[in-house]
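Fold and geometry: a report
Residue-level listing of the chains:
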Amino acid sequence: MKAVSSKAESLLLKPPSGAHTESTKLEPKSTAEPVALSVNMASSDEDSSPGLDDFSGLSPYERKRLKNIRENAKFFASLQLSESAARLRGMIKKRQQPESKRKKPKKEENETGCRRSMRLLKVDPLGVPLPVAPTQSALEEEKENPLLPPGPLEMIPENQDDSNGLLLKASLRTWAEMSKTSNERTEEGLSSIKSYKANLSGMVISEATVRKVTKGAITSVALHPSEVRTLVAAGAKSGQIGLWDLTRQHEDEMYVFYPHSQPVSCLYFSPTNPAHLLSLSYDGTLRCGDFSTAIFEEVYRNEGSSPSSFDFLAEDASTLLVGHWDGRLSLVDRRTPGTSYEKLFNSSLGKIRTVHVHPVSRQYFIAAGLRDVHIYDARCLKSRRSQPLLSLAEHTKSIASAYFSPVTGNRVVTTCADCKLRVFDSSSMSSQIPLLTTIRHNTITGRWLTRFQAVWDPKREDCFIVGSMAHPRQVEVFHETGKSVYSFLGECLVSVCSLNVMHPTRYVLAGGNSSGKLHVFMHQESF
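This section reports on the structure supplied with the text. (Residues numbered from 1 in each chain as written. Predicted model: local features only at pLDDT ≥ 70, side-chain atom pairs only at ≥ 80, totals over all residues. Heavy atoms only, no water.)

1. Regarding the pattern of salt bridges
- The tally for this structure, following the rule as stated, stands at 12 salt bridges.
- Linking Glu303 and Arg301 is a salt bridge whose minimum nitrogen-to-oxygen distance equals 2.2 Å.
- By relative accessible area, Glu303 is classed as exposed at 57%.
- Residue Arg301 is classed as partly exposed on the basis of its relative accessible area of 25%.
- Salt-bridge contacts for Arg379 lead to Asp377; the nearest nitrogen and oxygen are separated by 2.8 Å.
- The class of Asp377 is buried, set by a relative accessible area of 10%. (Salt bridge = Lys/Arg side-chain N within 4 Å of Asp/Glu carboxyl O. Buried < 20%, exposed > 50% of the residue type's maximum accessible area, 1.4 Å probe, protein only.)

What follows is the structure, given as structure tokens:
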């Protein structure tokens with residue numbers, strides 16, 4: 001049986017007479033699969049299949065198997081797999097070079113698309129591009145930061161149309177004359193806290209003592225030391241200086257000047273001649289507004305290093321100490337004819353925000369840096385790197401200010417972004433300054449409000465004033481022990497007064513906000 005089966009299989013595997021020779025060359029793997037599948041198939045008409053009469057002696061299974069093998073062979077021959085494989089091999093051999101991938105050109109921003117208006121395309125109806133007009137922000141920036149020429153500038157008010165200048169001249173003459181009566185400051189003894197609170201409680205605010213005096217945020221405030229008139233000066237972020245005389249309370253008694261092109265960071269009336277108003281700006285200039293000559297004289301100019309703060313190093317205001325944002329210090333001597341003499345020093349601080357001179361031992365001064373507060377001896381400054389005499393390193397975040405107490409200088413108050421006000425004992429300069437008091441106070445003003453600066457009341461050695469974020473809006477007074485002394489409130493105080501200053505002899509408080517408004521608290525009999 002096995003011999004017969006082998007013979008039959010070999011005969012069936014021979015190609016048919018009409019088939020091509022190449023088509024019968026089947027792959028072994030391809031023929032094995034259909035053979036295996038045909039094993040499980042059976043049919044009742046196996047014996048009657050054509051082409052199998054010569055193998056009548058085979059079993060039905062063998063007949064069916066040989067039939068399937070022959071049919072599969074015909075099927076694979078009709079597919080012509082060998083010819084297809086030969087063509088594929090030829091295509092692989094003739095592999096073409098891969099085309100280089102070209103980078104798609106970037107779509108231009110000003111590429112004109114379909115259905116876009118000519119207004120958006122900034123072209124006229126003929127397709128000619130329209131001239132580029134300056135944006136509103138560029139116009140405002142150019143207006144807010146005009147280029148000011150060096151040298152003296154005339155006091156020309158920006159807010160009044162006074163062609164002859166008679167009103168301004170009359171006001172300046174009044175301010176210059178009243179300044180002569182206030183050369184000697186009457187020092188009040190340290191009264192009790194109870195008496196002090198009683199005087200503070202008599203200070204009120206009204207609609208008449210609230211006025212918008214500058215454009216933009218107020219960055220510095222100063223009160224004239226006169227005892228007969230109330231004159232407030234405010235420096236603004238726009239470079240303006242506003243002067244408001246509250247004695248008459250008329251619109252004509254408020255003037256706005258433009259002596260600077262950038263924020264005015266410091267304002268002081270001269271301690272020896274209050275007819276002089278000194279102002280320091282980020283534009284690198286320090287000017288002196290003289291009421292008697294109606295001129296803003298240029299005291300100091302350094303456009304390469306933006307100054308941040310200044311103070312009077314000498315009691316007669318002949319020499320000044322200027323701090324810069326890059327950590328440098330300048331000693332400016334105003335006694336030099338013509339331009340002032342300047343000597344530069346490098347401090348140990350990366351940045352200087354405020355500088356303040358000791359009220360008694362004027363060779364010492366304190367500088368508030370980024371996170372450190374250093375006390376220097378002006379006699380030991382060096383051009384390369386000046387070492388501090390003492391350091392106050394208890395602060396953990398950015399520092400806004402540091403000031404000596406006004407009478408003896410035995411205390412230092414600092415304002416820090418870690419929501420703490422600190423009071424230090426500076427009575428001894430020979431050892432480390434101890435920390436006396438830490439007061440929790442919200443100093444997070446955000447980016448739109450001027451930062452708080454705690455300043456001493458010039459009439460007191462132990463009390464200082466600071467702005468507040470609390471509701472209702474208020475200005476707070478603290479004792480050096482950390483106790484709250486008084487809070488200035490009122491229906492007309494509806495915004496945050498970031499910077500505040502007290503009159504040196506009278507009970508008058510002036511606070512400035514970030515929209516250019518001044519808020520003045522004073523006794524009613526002073527109106």
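So much for the structure itself; the text now carries on.
2. Considering the sheet that holds strand 16 (residues 364–368)
- The sheet built from 4 strands is open, its strands ordered 15-16-17-18 with antiparallel pairing. The open sheet has two edge strands with one neighbour each: strand 15 (354–357) and strand 18 (390–392). When the angles between neighbouring strand axes are averaged without regard to direction, this sheet yields 20°.
- As defined by bridge partners, strand 17 (residues 373–377) adjoins strand 18 across 3 bridges and the pair is classed as antiparallel. Residue His374 lies in a different strand from strand 18, and its bridge partner there is Ser391. (Pairing = 2+ DSSP bridges. Helix = DSSP H or I, 4+ residues; strand = E, 2+ residues; numbered from the N terminus. Axes fitted to C-alpha atoms, helices over the stretch in contact; angles between N-to-C directions.)

3. Describing the pairing of strand 5 (residues 241–245)
- Counting buried positions over the 5 residues of strand 5 gives 5, a clear majority of the element.
- Side chains Ile241, Leu243 and Asp245 project from strand 5 onto one buried face, and the interleaved Gly242 and Trp244 project onto a second face that is buried too.
- The pairing of strand 4 (residues 231–236) with strand 5 spans 5 bridges and is classified as antiparallel. Among the inter-strand pairings, Gly235 is bridged to a residue of strand 5, identified as Ile241.
- The hairpin formed by strand 4 and strand 5 contains 4 residues between the paired strands, and Gly239 there has a positive phi angle of roughly 95°.
- The pairing of strand 5 with strand 6 (residues 254–257) spans 4 bridges and is classified as antiparallel.

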